[in-house]
Number of protein chains: 2
Amino acid sequence: MQSPAIDGDRLWSRLMQLAECGATAKGGVNRQALSLEEHAAWRLVIGWAESAGLAASTDAAGNLFLTLPGSDAEALPVMTGSHLDSQPTGGRFDGVYGVAAALEAVCTLAEAGVKPSHDLVVVAWMNEEGSRFAPGMMGSEAFAGMRSLEFIRGVRDAVGISVGEALDAQMAEFSALPRKRLGFPIGAYVEAHIEQGPVLEAEEKVIGVVTGIQGKKTWEISLLGEEGHAGTLATADRRDALDAFSRIAQRMYREVGGDDPLVKFTIGRLRVEPNAPSVVPSRVVFSIDLRHPDNAVLDRLGDALERICKESCAPCDVELKRLVSAPSNEFDSNLQATIEQSARQRGIPSMHLLSAAGHDARYMAPLCPSAMIFIPCRDGVSHAEHEWAEPAHVTAGADVLLDTLLTLCGD
Amino acid sequence: MQSPAIDGDRLWSRLMQLAECGATAKGGVNRQALSLEEHAAWRLVIGWAESAGLAASTDAAGNLFLTLPGSDAEALPVMTGSHLDSQPTGGRFDGVYGVAAALEAVCTLAEAGVKPSHDLVVVAWMNEEGSRFAPGMMGSEAFAGMRSLEFIRGVRDAVGISVGEALDAQMAEFSALPRKRLGFPIGAYVEAHIEQGPVLEAEEKVIGVVTGIQGKKTWEISLLGEEGHAGTLATADRRDALDAFSRIAQRMYREVGGDDPLVKFTIGRLRVEPNAPSVVPSRVVFSIDLRHPDNAVLDRLGDALERICKESCAPCDVELKRLVSAPSNEFDSNLQATIEQSARQRGIPSMHLLSAAGHDARYMAPLCPSAMIFIPCRDGVSHAEHEWAEPAHVTAGADVLLDTLLTLCGD
């Protein structure tokens, strides 16, 4: 059949309305997982979905589903989407684009009277970013059975609120939604997203056919010293956790973050205790985010980071907590070919590329044929308030997604 | 006249009651400036003072005064005290001992029917610690005319509450107290305090006659980089403010904190923005506390710290804010002799020593003859929950303070 076309103006307008949920003064978005701002985004998305005839539901992990029912009760659902949560100083596209494009594609099909054979399910995963509650991708990991609900519900944010408490509050707020079984069977998964890197822009391509996601390891490291008076305690008698941190961090930046341009090494979060100007720090807790496309290199660098902590922490003690250890993966080659063909038929320039950033699709890939569609973002910038994507690219990505969904439904 | 003796049991009991205001699970105290916990300590102290016939009052800087009126209206008041605020993980003696000992000495005189010629004023200065609102010693600096009320009222804590707002709330809570003029004339000032260092304990002395306070400089340093995605932004393109911090900090720990055992160099407070595990840090704000008894060395090391920031911040930018620049001072020699003689007459072993920690007495010294009385603290530890002083030393310090006050009143 002839594909209907995405209404680019409506899609853009909805993205900008979603950007009002948690809008920051500098034009970005602060819409963290399970926050009131994310609740507001849920209400917008559910309203749009229901007026196109889609049915909203949720599950025990706080994932949101918007379903256009298919004609064949035996056919496994085709799922598409991403996440609505953002970094504390995030932008208007990361995550929310994949949800808005998926909703636009499925609503467009519904409004055109298309009755797909398979259920078409738009998903907004819970806590992809991991900024309020670490680690991220909790919703998709729980859906895929990679993390227990019990573990997830016990994670706390910086002010002590647990995921469990925040989830229960969300369930109370959206108590009218039916509850789906966690991890119900899925036939295929496609996620649209901004690239979060400079490759498409540099190569002047509009669609990225994502071949896989580079491997990632994360840690939470605690350095334990002893507090004391800044004016009286002699340097030789100090066990200063911040001195230990800066010594360890400098070795890591040099020895791990150093020469190989494929290595991405980041210490993004750090907390000092008691954090008073005239007290020698007794405790420093910091995060490590390490990524590399080559799993062997990733393992080697991860070992090096742990070794540096142990070698350079004295006179403090160190505690290492491994949070994420996800090797590089490869997306389904047939699904990649489908996306590439959709772009070609629409006359949209595309290329294959590896995702440097992590996505929920990583956890869907072991469950069913999965793939991702990237569009460019200005200067490769994301996780920043000035993150930007061009309206024409936003529309193009949704058009290619719509065609891909139609192919997956066999129509 | 024959000096009355301090009731050591009552003094100890009152110290332990004050330790309940902001008590921590580990036996310490979290009673930060202008907090509800400090309000509770005010209520205790005012109650004890009033039942001994002392009159409570305050001033526009939130200092608390408890006055035993003198017989000679022309004689300048003799002031004694310290502060009731603590570090976030502070102990049961730092500051509060000086207030409790002063109150005990003056109450003892009042209860013995002594009518001094001079007003005897017990003071609890506002925000000595500077942990909630930086810098510290705001109350005594304002009293001494060294900082404007306008500056002080504008300082904000970590959650955005200003000193002005917290002061107004305190004034409303204690609206019955008369308001004294800020910086009313004082004839002499004596402050009792735990040593916060190991010297008295090592030398087996119970009273330290403080010769002066070592010089101190403090800064707030901001490193300004640019945020970006931890998984996609190449190391070469990063302006990582935490990388810059750890590089600068390592140079400072080595080049400034290094060899000279008299140098005290501390980075006690640090904040990262946006502080999310998968975002390259765009901003790091940290405190520096530098102390040295030799003013020439202090100046030289201060210059070195500023130079290191400028030399090693690239590719980030740096902003330096100087907060405190207090040279070493010398306390009044006659008053030191009075304290020494009081100790000798009581048969209490004493010695002269320099204070490594800063105190409100630093700001009183230019206004009137000033001095300090130290007692030992276990292992020299302070600014920590296990800070400890022996009951016998607590009593001895108050006895010597009482004698000193009597001498100052010419009785």
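Residues numbered from 1 in each chain as written. Chains lettered and ligands numbered in written order. Predicted model: local features only at pLDDT ≥ 70, side-chain atom pairs only at ≥ 80, totals over all residues. Heavy atoms only, no water.

### What about the UniProt feature "binding site: Zn(2+) 2" (unreviewed entry) in chain A?
Part 1 of the reasoning: This chain's UniProt record puts "binding site: Zn(2+) 2" (unreviewed entry) on Asp94, Glu129 and His383 of chain A. For the annotated residues, spread through 290 residues, the largest C-alpha to C-alpha distance comes to 9.6 Å, consistent with a single compact locus.
Part 2 of the reasoning: Assignment of secondary structure puts glutamate 129 of chain A in the loop between β4 (120–125) and α4 (138–143).
Part 3 of the reasoning: Every residue in contact with glutamate 129 of chain A, bar those within four places of it in the chain, is listed here: His83, Asp85, Ser86, Gln87, Asp94, Gly136 and His383 of chain A together with Ser278 of chain B.
Part 4 of the reasoning: Residue placement: histidine 383 of chain A occurs in the loop between β16 (370–375) and α12 (391–408).
Part 5 of the reasoning: The buried category is assigned to histidine 383 of chain A, whose relative accessible area is 2%.
Part 6 of the reasoning: Within the structure, histidine 383 of chain A has its side chain in polar contact with the side chain of aspartate 94 of chain A (distance 3.1 Å). (UniProt positions renumbered as here; feature names shortened; annotations may be inferred. Helix = DSSP H or I, 4+ residues; strand = E, 2+ residues; numbered from the N terminus. Contact = heavy atoms within 4.5 Å. Buried < 20%, exposed > 50% of the residue type's maximum accessible area, 1.4 Å probe, protein only. Polar contact = N/O pair within 3.5 Å; in protein donor to acceptor, adjacent residues only side chain to side chain.)

### What about the nonpolar core?
Part 1 of the reasoning: Membership of the largest hydrophobic core comes to 84 residues, with the highest contact counts inside it found for Leu66, Met79 and Ile207 of chain B.
Part 2 of the reasoning: Among the nonpolar cores identified, the runner-up in size contains 64 residues, and Ala56, Val78, Ile375 and Val394 of chain A belong to it. (Core = buried A, V, L, I, M, F, W, Y, C linked by side-chain atoms within 4.5 Å.)

### Regarding the packing of helix α10 (residues 333–346) of chain A against α12 of chain A
Residues and elements named next belong to chain A.
Part 1 of the reasoning: Interaxial distance between α10 and α12 falls to 9 Å at its minimum, and their mutual angle equals 125°. With respect to α12, the element α10 is oriented oblique. The way α10 lies across α12 gives a crossing that is right-handed. Listed contacts from α12 to Leu335, Thr338, Ile339, Ser342, Ala343 and Arg346 of α10 are Asp399, Val400, Leu402, Asp403, Thr404, Thr407 and Leu408.
Part 2 of the reasoning: Each residue belonging to the contact of α10 with α12 can be placed in one class, and the counts come to 6 nonpolar, 4 polar and 3 charged. (Axes fitted to C-alpha atoms, helices over the stretch in contact; angles between N-to-C directions. Parallel < 35°, antiparallel > 145°, perpendicular 65-115°, else oblique. Left-handed = near helix turned anticlockwise from the far one by under 90°. Nonpolar A, V, L, I, M, F, W, Y, C, P; charged D, E, K, R; others polar.)

### Considering the interface of chain B and chain A
Part 1 of the reasoning: Across the contact, 57 residues belong to chain B and 57 residues belong to chain A.
Part 2 of the reasoning: Both faces considered, chain B and chain A share a buried interface measuring about 4,500 Å² in area, 52% of it formed by carbon and sulfur atoms.
Part 3 of the reasoning: Between chain B and chain A we count 30 residue pairs in polar contact (both at pLDDT 80 or more) in total.
Part 4 of the reasoning: If you list the elements that add at least two residues to the side of chain B that touches chain A, you get β8 (228–229), α8 (241–255), β9 (264–266), β10 (270–273), β11 (279–280) and β12 (283–292) of chain B.
Part 5 of the reasoning: Considering each element in turn, the side of chain B that touches chain A owes the most residues, 8 residues, to α8 of chain B.
Part 6 of the reasoning: Residue composition of the side of chain B that touches chain A, by class: 22 nonpolar, 23 polar and 12 charged. (Buried area = accessible area lost by both parts, 1.4 Å probe.)

### Things to note about the relation of the copies chain B and chain A
The operation relating the pair of chain copies consists of a rotation about an axis and a translation along that axis.
Part 1 of the reasoning: If you rotate chain B by 180° and push it 0.0 Å along the axis, it lands on chain A with an RMSD of 0.1 Å. Here the symmetry operator amounts to a two-fold rotation axis. Residues of chain B ranked by C-alpha distance from the rotation axis are headed by serine 246 of chain B, positioned 2.2 Å from it.
Part 2 of the reasoning: An overlap of 100% is found between the interface residues of chain B and their copies at the interface of chain A, pointing to a shared contact surface. (Least-squares fit on C-alpha atoms with pLDDT ≥ 70 in both.)

### Brief notes about the side chain of glutamate 191 of chain A
Residues and elements named next belong to chain A.
Part 1 of the reasoning: Mapped onto the fold, glutamate 191 is located in strand β5 (residues 188–194).
Part 2 of the reasoning: Here glutamate 191 sits buried without a salt bridge, and the closest side chain of opposite charge, arginine 362, lies 10.0 Å off (N-O distance).
Part 3 of the reasoning: A distance of 2.7 Å separates a polar atom in the side chain of glutamate 191 from a polar atom in the side chain of serine 82. (Lys, Arg positive; Asp, Glu negative; His and termini not counted. Salt bridge = Lys/Arg side-chain N within 4 Å of Asp/Glu carboxyl O.)

### Things to note about α12 of chain A
Part 1 of the reasoning: Taking 1.5 Å of rise per residue, the 18 residues of α12 of chain A would be expected to cover 26 Å, and the 26 Å separating its terminal C-alpha atoms lies within 8% of that figure.
Part 2 of the reasoning: Most of α12 of chain A sits inside the fold, with 13 of its 18 residues counted as buried. (Expected span 1.5 Å × (residues − 1).)

### Structural notes on the pairing of strand β6 (residues 207–213) of chain B
Residues and elements named next belong to chain B.
Part 1 of the reasoning: Most of β6 is tucked away: 6 of the 7 residues are buried.
Part 2 of the reasoning: Here 6 bridges tie β6 to strand β15 (residues 350–355), and the two strands are oriented parallel to one another. Bridge pairing links valine 209 to histidine 352 in β15.
Part 3 of the reasoning: Bridging between β6 and strand β16 (residues 370–375) involves 2 bridges; their strand directions are antiparallel. Looking across to β16, one finds that valine 209 is bridged to isoleucine 373.
Part 4 of the reasoning: In this structure, β6 lies alongside strand β14 (residues 329–330), joined through 2 bridges in antiparallel fashion. Bridge pairing in β14 links isoleucine 213 to asparagine 329. (Pairing = 2+ DSSP bridges.)

### Notes on the layout of surface pockets
Part 1 of the reasoning: Considering only enclosed or pocket space, the second largest pocket measures out at about 560 Å³ in volume.
Part 2 of the reasoning: In this structure, the second largest pocket is lined by 29 residues; those nearest its centre are Gly197 and Pro198 of chain A together with Thr232, Leu233 and Ala234 of chain B.
Part 3 of the reasoning: Contributions of two or more residues to the lining of the second largest pocket are made by β15 (350–355) of chain A together with β8 of chain B.
Part 4 of the reasoning: Classifying every residue of the lining of the second largest pocket by side-chain character gives 12 nonpolar, 10 polar and 7 charged. (1 Å grid on protein atoms, 1.4 Å probe; cavity = no way out; pocket = protein on both sides within 12 Å on 5 of 7 lines; lining within 4 Å. Points joined across faces, edges and corners; volume = space filled by probe spheres on them.)

### Thoughts on the packing of helix α1 (residues 8–19) of chain B against helix α12 (residues 391–408) of chain B
Helix packing geometry: the angle between the two helix axes and the distance between the axes.
Residue and element names in this part refer to chain B.
Part 1 of the reasoning: The N-to-C vectors of α1 and α12 enclose an angle of 110°; their axes lie 9 Å apart at closest approach. On the basis of the axis angle, α1 is roughly perpendicular to α12. Here Gly8, Leu11, Trp12 and Leu15 of α1 come into contact with α12, specifically with Pro391, Val394, Thr395 and Ala398.
Part 2 of the reasoning: Grouping the amino acids of the contact of α1 with α12 by side-chain chemistry returns 6 nonpolar, 2 polar and no charged.

### Brief notes about the environment of alanine 276 of chain A
Part 1 of the reasoning: One can find alanine 276 of chain A in the loop between β10 (270–273) and β11 (279–280).
Part 2 of the reasoning: When sequence neighbours within four positions are dropped, the list of residues in contact with alanine 276 of chain A reads Gln87, Pro88, Ser131, Gly268 and Arg269 of chain B.

### Quick notes on unusual backbone geometry
Part 1 of the reasoning: In this model, alanine 134 of chain A is joined to proline 135 of chain A through a cis peptide bond whose omega is 0°.
Part 2 of the reasoning: By the element assignment, proline 135 of chain A lies in the loop between β4 and α4.
Part 3 of the reasoning: Here the residue pair glutamate 273 of chain A and proline 274 of chain A is connected by a cis peptide bond, since its omega of -5° sits within 30 degrees of zero.
Part 4 of the reasoning: Here proline 274 of chain A is to be found in the loop between β10 and β11.
Part 5 of the reasoning: Even without being glycine, glutamate 204 of chain A reaches a positive phi, approximately 55°.
Part 6 of the reasoning: Structurally, the position occupied by glutamate 204 of chain A is in the loop between α7 (199–203) and β6 (207–213).
Part 7 of the reasoning: A relative accessible area of 67% places glutamate 204 of chain A in the exposed class.
Part 8 of the reasoning: Despite not being glycine, leucine 34 of chain B shows a phi value in the positive range, around 65°.
Part 9 of the reasoning: Position of leucine 34 of chain B relative to the elements: it lies in the loop between α1 and α2 (36–51).
Part 10 of the reasoning: Judged by relative accessible area, leucine 34 of chain B falls into the buried class, the value being 5%.

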